[in-house]
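# Notes for the structure review
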Amino acid sequence: MIETKVLLIDRLHKAIKNNFMKLYYQPQIILVGNRLEFVGVEALIRWHDIDYGMISPGNFIPIAENSGLIGPLCEWVLHEAIRQLKRWESDEYKKKWRISLNVSYKQFEKENFLPMIESIMGKYNINPEKLRLELTESLLIKNTKETLNKVHDLKALGLTLSIDDFGTGDSSLSYLKQLPIDELKIDQSFIRDLTSDQNDVIIVKTIISIGQKFGLDVIAEGVETEKQYEKLVLMGCNHFQGYLFGRPVEPLYL
Ligand code: C2E
Ligand code: CA
Ligand code: CA
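These remarks concern the structure in this document. Everything numeric in this text was worked out from a predicted model, so none of it was measured.

As a further point, take the site of ligand 1. Of all residues adjacent to ligand 1, which total 20 residues, the nearest are Arg46, Asn102, Gln188, Glu224 and Tyr243. One of the side-chain nitrogen or oxygen atoms of glutamate 42 is found 3.2 Å away from an oxygen atom of ligand 1. A distance of 2.8 Å is found between an oxygen atom of ligand 1 and a side-chain nitrogen or oxygen belonging to arginine 46. About the coverage of ligand 1: the protein hides 78% of its 800 Å² of free accessible area. Placement of ligand 1 is best described as lying within the largest pocket. Those elements giving two or more residues to the shell around ligand 1 turn out to be strand S2 (35-49), helix H2 (57-65) and strand S6 (160-166). Taken together, the residues of the shell around ligand 1 break down into 8 nonpolar, 6 polar and 6 charged.

Okay, here's the thing in structure tokens:
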């Protein structure tokens, strides 16, 4: 992208205001006995720009984070996801699905984060358990009183919580016992070479075992092949997400 940063920020600002953003959804699957069931989706934002086409979040989330636009973006995502949950309520098959949302640490740290969630949830009257927030390890590792309180407050609202990219952050696990977490999400970098790299096998086994001991769901992300899936099943993992099960798509295609 050749535009100056200022122009890009302005373009992003207009895109949020004019609804050029889209939420795509990627299936999350659970293995029950020998049956695979759909449990929910992860919402992944996309920006459809008139000139540049589709811009992936890796390219604009950092810009949003550093320009104050992450607030409006996060608010838009929340509204959109909750409206989607509401639409699914009248669908016999989809009404049990939950939506996992990515939370930027820049947004999490803001004072208005919790009031914003509370106010949007209040508007739509959905079952809060259907909303799962994906927080990163780096955000939680700070372990300050403020972080702890905020995570507990989120949980008190009835939301469920996941730790995204688990295993890539600091190695301190002490925060796990203090936080009301529901799920660990094994980072896709450990899944990629799972069938060839013994170190990844050890890491993934360890994460699954930590999750089981703490009574948490453990989901593997970035599962692309049958072989990776089969290996994960043998290791005791029963939640999956990745191209093998479906790419992120517009809700129409789910
Ligand atoms: P993430 O949360 O770790 O999301 C997983 C990324 O892996 C997504 O990229 C997804 O499309 C991709 N992916 C899923 N399955 C596979 C697979 O089998 N193989 C491979 N190679 N990749 C797979 P995406 O959609 O480009 O998102 C990138 C990152 O942008 C996300 O990483 C997340 O950190 C951030 N992001 C996305 N949507 C939002 C949002 O609404 N809010 C915030 N704050 N961040 C978001
Ligand atoms: Ca995520
Ligand atoms: Ca991730």
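All right, on to the pattern of salt bridges then. This structure, assessed with the given rule, holds 13 salt bridges. A salt bridge links aspartate 10 to lysine 14; its shortest N-O distance comes to 2.9 Å. Highlighted residues: aspartate 10 and lysine 14, both in helix H1 (residues 5-17), separated by 4 residues, approximately one helical turn. With relative accessibility at 43%, the residue lysine 14 sits in the partly exposed group.

Time to look at helix H3 (residues 70-88). Given a rise of 1.5 Å per residue, 19 residues ought to cover 27 Å, and the 27 Å separating the end C-alpha atoms of H3 matches this to within 8%. Among the 19 residues of H3, 14 are classified as buried, and the element is accordingly described as predominantly covered.

Protein coordination at the calcium ion (ligand 2) comes from Glu42 (OE), Asn102 (OD1), Glu134 (OE) and Asp164 (OD), with a distance range of 2.1 to 2.3 Å. On the primary sequence, the residues serving as donors to the calcium ion (ligand 2) are separated as E-x59-N-x31-E-x29-D. If you look at the calcium ion (ligand 2) and the calcium ion (ligand 3), they sit 4.0 Å from each other and are both ligated by aspartate 164. Remark: aspartate 164 occurs in strand S6 and asparagine 102 occurs in strand S4 (residues 98-102); sequence separation between them is 62 residues. The exposure class of aspartate 164 is buried, given its relative accessible area of 7%.

For the rest of this paragraph, the subject is the environment of tryptophan 47. Along the polypeptide, tryptophan 47 turns up in strand S2. Considered as a pair, tryptophan 47 and proline 251 are 204 residues apart in the sequence and their alpha carbons are 16 Å apart. Apart from the residues lying within four places of it in its own chain, the contact partners of tryptophan 47 are Leu8, Arg11, Leu12, Ala15, Phe20, Met21, Gly53, Met54, Ile55 and Phe60.

Rules behind the numbers
Residues numbered from 1 in each chain as written. Chains lettered and ligands numbered in written order. Predicted model: local features only at pLDDT ≥ 70, side-chain atom pairs only at ≥ 80, totals over all residues. Heavy atoms only, no water. Near = heavy atom within 4 Å. Polar contact = N/O pair within 3.5 Å; in protein donor to acceptor, adjacent residues only side chain to side chain. Areas by Shrake-Rupley, 256 points an atom, 1.4 Å probe, with all protein chains shown as cover. 1 Å grid on protein atoms, 1.4 Å probe; cavity = no way out; pocket = protein on both sides within 12 Å on 5 of 7 lines; lining within 4 Å. Sits in = over half its atoms within 2 Å of the grid points. Helix = DSSP H or I, 4+ residues; strand = E, 2+ residues; numbered from the N terminus. Nonpolar A, V, L, I, M, F, W, Y, C, P; charged D, E, K, R; others polar. Salt bridge = Lys/Arg side-chain N within 4 Å of Asp/Glu carboxyl O. Buried < 20%, exposed > 50% of the residue type's maximum accessible area, 1.4 Å probe, protein only. Expected span 1.5 Å × (residues − 1). Donors = N, O, S within 2.8 Å, 3.2 Å for Na, K, Ca; no water. Contact = heavy atoms within 4.5 Å.

Note that every value here comes from positions in space, so none of it alone points to a role or purpose.
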